[in-house]
Every structure is written in structure tokens, then in C-alpha cells.
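Architecture at a glance
In case you want the letters, here they are:
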Amino acid sequence: MTSETNPDIERDVHAQIRELQAVIEKVAHEYSGHPAQEVRDAVQREVDALGNGATIVDPELTTGAEAVAEGKNLRLSDEGKLVIEQTHD
């Protein structure tokens, strides 16, 4: 049995991260200040709708949702990690 490596895997991963970045930024903008559970459900719904196999799981999902509920900015790094940014009033 031989195992073939996808030569485009790095490009595919980066494309998946870019799609997730767009979803995270959209939800963070639209749901800022909403209850954490509502934010969490929105993130899960939007990520599932991508249909590309991407997932965001706990504890990052809950931590990110709580940050958005508190009005903080949320983004996804180029490495695929959720980053919470303090807002400057």
C-alpha cells in the first residue's frame, strides 16, 4: 500500500484559513455585544456552512464567543489560531 501526498496541501490549508478568517471577521462584526451563546451558535453555523471540513472547537470556540460578546475584536491568524484583540475606546 502506498500513500500519496497531496502536492497542493499547503495551498489548500491556506485557502481554508482565509475562508475561516472571513467568517470569523463577519461574525465578530455582526454579533459584537450579543450573548456569548448566540455568538457561539453563529460561528458554528457559519463555519459549518463553509462545507470545507474546517472546524473551530472548544475551548477556542467558547473563548472567542465570550470575547465577541464583550465587544472585543476577533480574528484568525495566518496559522489558523483565534486571536482576541482589545478594542481601544
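Below is a summary of the structure that appears in this document. All of these numbers come straight from a predicted model, not from anything done at the bench.

You can see Gln21 is positioned in helix 1 (residues 9-31). Using a relative accessible area of 14% as the deciding quantity, one classes Gln21 as buried. Residues contacting Gln21, with those up to four places away along its chain left out, are Leu76, Ser77 and Asp78.

A few words on the side chain of Ser77. As for its position among the elements, Ser77 is in the loop between strand 1 (73-76) and strand 2 (82-85). Among residues more than four places away in sequence, those in contact with Ser77 are Ile17, Gln21 and Val83.

About the thresholds
Counting of residues starts from 1 at the beginning of each chain's written sequence and follows it residue by residue. With the structure being a predicted model, the display of local features is reserved for residues of pLDDT at least 70 and the display and counting of side-chain atom pairs for 80 or more, all residues being used for whole-chain, interface and lining totals. Side-chain numbers here rest on the full set of heavy atoms in the structure, without hydrogens or water. Starting at the N terminus, helices and strands are each numbered in turn, a helix being any DSSP run of H or I of at least four residues and a strand any DSSP run of E of at least two. Using a 1.4 Å probe on the protein chains alone, a residue whose accessible area is under 20% of its type maximum counts as buried, one over 50% counts as exposed, and one in between counts as partly exposed. Contacts between residues were defined by any pair of non-hydrogen atoms, one from each residue, lying within 4.5 Å.

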